[in-house]
Amino acid sequence: MANKEDTMKNHTGGSILLWTCLTVVFFHMVLFLISCSMLLNQAKSINSTFTEGAIQDHGVYLFFGTLALLRGYLLVSICYVIVLFPIIKLWIGDKEPRKVAVIWRALLLMLLSILALFLRMMIFKPYFVAQWMPEWQFEIMPNAPGELKTITLWTLLNGIPIIIISAVILFWLKHLSNQLKLLLTFKIKMRYYLIGASAILLFWASSNLLKLTFPSETERPNVIIIASDSLRPDHLSCNGYQRNTSPNIDALEAKSINFTKCFTPIGSTLESMIGLMSSQYPHTHGVRHMFPSKNDVLKVNQESPKLPKILKNSGYETAVIGDWCSAIFNEVPMGFENIQVSEFDSFRIWLSQALYMSHPVIPMYFDNKFGYWLFPKLESFAHYLRAEVVTDRAINKIKNRKNKTKPFFYTIFTGCNHFAYHAPYPYYEKWTDPKYQGPNKYQVHFDPNEFISSSTWDEKFFSYSDKEKQHIIDLYDGCVSRFDDCVGRIIKTLESENLMDNTIVLITSDHGEDLFEPYTSLTHGVSFNGGDQGNLVPCILYVPKTEPRKINNITRNIDLAPTLLKLTVNKTESRFEGTNLSPYIKGEASALNLAFYGETSFPFVQRRTKSDIPLYVPPLDELTYVDKNFKFHIVLKPEYEKNLIKSKERCLRTKSWKIVFSPTKNGYIHSLYNIENDPQCLKDVSNEFPSIMKRMKHFLWEWILHGKEYSNDQIMNDPLPSVNQIPSDYENIKFPQSETISPL
């Protein structure tokens, strides 16, 4: 009789399991097909040469990429079966299971779970949802205190699922033990407890003994660079910002040298980071924009000096750790021996991102360490591989160094502050107005396809109201706070590992950001309008046992490599173009008389001018192509190279003056600004100060044409030639024109 009951139970369980499996698999296959159709419909609506190339040249790649996603759907299906089977079995009880009863219960439970997961994503990572529904608004517990809200959300979205999963695990343990007739016993004798406790005690004692016998840390200082893409120094509270955005950075700054006027020669990630590590201007290292050719990259790798390589050859362990913004180091390793960054932003990465983002299953289930392992390309997408994960990796690297007698040089570079300023909970609501209603609720909404196919994709930003602009700045400040928390965790790790007394820490960025300054929108590297914000970077340098101070004189990020080289191994490199800042650090000099020379980068948007019609520059998909011989990277078309370089704005800035050269439709203009009286560069004073204008113009063109750099004193005092000749080919720069932009 008992055997008959067991047989019936097994039959019932087998039937429930079968129909649960079939329902779950069918549901996810339907979801997979719907997601694929969404991608196809989106592709049909895009009018871009890149879209045509994607279909013609990368169809097979997309097909196999789509098939690869089935791994995720299969794993999700298996997990659902494991979870749903015991729930449905208990729900049906001893009744004879009908397939309809199993199917509707499975569908209901899946829909409820997906709703809960979607709710979780809406709260903690709403930027995923905002990509699909930009006008969508969501607010939960808007008036609740921060701690109460966090506890409640954790209980609902983490605590309850943990309880359910724990119950499911217990069910399966019991079920499997019964099936396999396993007998579990807990009659463990006291001696086993004693043996176990003794083993643990012995392990603890031996670990501490090993720590005591390890050789002490090297006397040569370690170096850690912690950088966030697009981080503006004037949005750090230690630099006078009205919000307390950066308490951890502030605490470090109180013990550091703060170079408040540090500029990058070019406001673009790839070119700027090459400059930081090589101490060379873009015209020297050869990468002048974000889409260099294979030969340009080869030139950097073969010819440019590299701080990480020099330090590696001097006995340092070197590593760079980062997300998609750090992917540049896969193409220009700069001598780092260990590179933990995303895959470089090639055209196929763009295609993969479009493919993965059309499948909501991916962000719902695989935005985690397991997902990054299963789908490595996720690490190359802007919304994945969060800064917190990068910070975890950096902390693990610091704690688990193999050779602690060897000094280290680590660079940790994240995209915390990069456009479109998305951040997880609670950062997206840290500074924003909870009453805000609009398309930019969780990140700046923009159309990536318009970004590719039009150079006026930012036009709508100029018409935003002050309230809308402030909300976007609030989102940006949330990103600053997020980066600050990451910095705090790294500094805490250095302190717990007793490394702060022998580690140089640099807080910096690759460039600044335009945030609606006059004649700007939301970009970087496009113009010198609005003031210094696009090229000014944080430069907070903590040097142990050094008196903290603020240095308000001009410095450049190309000065950092020679400075760090001097501080670490007391060496110099003749090919470095920057200046060693050690005299500032040691208090041996009050001024090094440096001037800032800058150029714009790739024209992602149409540059605005105050008085003349801007020079028309074609959109991204017209200027570039996909180079099949260069890992499918997007590369500037060779026929546009010379004109694009000539069409750049150029800038020379001294302590008091700033001159900007701007090519226009009708030739070019030079504008002179008195920075001390007009920090946002609103009034051209070239007619009021003709002698200053003449000087600044001469030395700017010495740099443009000959790469010659002069100090502040030389610019103000050296004799000038009687004639300042500008080549005629700068007067008639032409690109194929299909749209017209008027001056603002």
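Preceding block: the structure.
Residues numbered from 1 in each chain as written. Predicted model: local features only at pLDDT ≥ 70, side-chain atom pairs only at ≥ 80, totals over all residues. Heavy atoms only, no water.

Interaxial distance between helix H17 (residues 387–399) and helix H19 (residues 466–496) falls to 10 Å at its minimum, and their mutual angle equals 10 degrees. Taken together, the axis directions place H17 and H19 in an arrangement best described as roughly parallel. Seen from above, H17 lies across H19 with right-handed handedness. On H19, the residues touching Ala387, Glu388, Thr391, Asp392, Ile395, Ile398 and Lys399 of H17 are Arg482, Cys486, Arg489, Ile490, Thr493 and Leu494. Here the contact of H17 with H19 is composed, by residue class, of six nonpolar, two polar and five charged. (Axes fitted to C-alpha atoms, helices over the stretch in contact; angles between N-to-C directions. Helix = DSSP H or I, 4+ residues; strand = E, 2+ residues; numbered from the N terminus. Parallel < 35°, antiparallel > 145°, perpendicular 65-115°, else oblique. Left-handed = near helix turned anticlockwise from the far one by under 90°. Contact = heavy atoms within 4.5 Å. Nonpolar A, V, L, I, M, F, W, Y, C, P; charged D, E, K, R; others polar.)

Let us now look at unusual backbone geometry. In this structure, the amide linkage connecting Phe419 to the following residue, Ala420, adopts the cis form with an omega of 20 degrees. With respect to the element layout, Ala420 can be found in the loop between strand S5 (408–414) and helix H18 (448–453). With an omega of 5 degrees, the peptide bond between Tyr425 and Pro426 qualifies as cis. Mapping Pro426 onto the fold places it in the loop between S5 and H18. If you check the backbone angles, Tyr519 has positive phi at about 65 degrees while not being a glycine. Along the chain, Tyr519 turns up in the loop between strand S6 (503–508) and strand S7 (536–537).

To continue, consider the side chain of Arg288. Locating Arg288 in the fold gives a position in the loop between helix H10 (282–285) and helix H11 (294–303). Among the polar contacts made by the side chain of Arg288, one reaches the side chain of Glu599 at a distance of 3.0 Å. (Polar contact = N/O pair within 3.5 Å; in protein donor to acceptor, adjacent residues only side chain to side chain.)

With that settled, the discussion passes to the layout of surface pockets. Taken as a whole, the second largest pocket spans an internal volume of roughly 1300 Å³. For the second largest pocket, the lining is made up of 37 residues, of which Ser113, Leu117, Pro161, Ile165 and Tyr365 are closest to its centre. Listed by contribution, the elements that provide at least two residues to the lining of the second largest pocket are helix H3 (59–92), helix H4 (99–124), helix H6 (146–179) and helix H15 (361–366). Top contributing element to the lining of the second largest pocket by residue count: H6, with 10 residues. Across the lining of the second largest pocket, the residue classes tally to 30 nonpolar, three polar and four charged. (1 Å grid on protein atoms, 1.4 Å probe; cavity = no way out; pocket = protein on both sides within 12 Å on 5 of 7 lines; lining within 4 Å. Points joined across faces, edges and corners; volume = space filled by probe spheres on them.)

On to the environment of Leu636, then. Among the secondary structure elements, Leu636 is positioned in strand S12 (residues 633–636). Residue class for Leu636 comes out buried when judged on its relative accessible area of 3%. Residues Leu636 and Pro292, spaced 344 residues apart in sequence, show a C-alpha to C-alpha distance of 6.4 Å. If we skip the residues at most four places from it in the chain, Leu636 touches His289, Phe291, Phe602, Leu623, Thr624, Tyr625, Glu641 and Leu644. (Buried < 20%, exposed > 50% of the residue type's maximum accessible area, 1.4 Å probe, protein only.)

On to the state of the cysteines. The final tally for this structure, using the stated rule, is zero disulfides. In this model Cys539 remains outside any disulfide bridge; the closest cysteine sulfur is found in Cys262, 4.1 Å from its own. A relative accessible area of 1% means that Cys539 is categorised as buried. (Disulfide = S-S within 2.5 Å.)

All right, on to the pairing of strand S8 (residues 539–542) then. Burial along S8 is two-sided: the face carrying Cys539 and Leu541 and the face carrying Ile540 and Tyr542 are both buried. Examined bridge by bridge, strand S2 (residues 257–263) and S8 share two bridges and lie antiparallel to one another. Bridging across to S8, Ile257 finds its partner in Leu541. Both S6 and S8 contribute to a ladder of four bridges, which runs antiparallel. Opposite Val505, over in S8, you have Tyr542 as the bridge partner. (Pairing = 2+ DSSP bridges.)

Moving on to the sheet that holds strand S14 (residues 657–664). Within the open sheet, the four strands sit side by side as S10-S13-S14-S15. Their pairing is antiparallel. Of all the strands in the sheet, the pair left with one neighbour each is strand S10 (596–599) and strand S15 (667–674). Sheet twist, expressed as the average angle between the axes of neighbouring strands with direction ignored, equals 15 degrees. Pairing analysis gives eight bridges linking S14 to S15, with the strands arranged antiparallel.

Here the focus is empty space enclosed by the protein. A probe as big as a water molecule, rolled over the atoms, marks out the empty space that is left. For the structure shown, the criterion picks out six cavities of 30 Å³ or more. Taken as a whole, the largest cavity spans an internal volume of roughly 90 Å³. Asp323, Ala382, Ala387, His422 and Arg482 are the residues nearest the centre of the largest cavity, which is lined by 13 residues in total. Residues that form the lining of the largest cavity fall into these classes: seven nonpolar, three polar and three charged. Considering only enclosed or pocket space, the second largest cavity measures out at about 80 Å³ in volume. Tyr519, Thr520, Val526, Ser527 and Val605 are the residues nearest the centre of the second largest cavity, which is lined by 14 residues in total. By residue class, the composition of the lining of the second largest cavity is four nonpolar, six polar and four charged.

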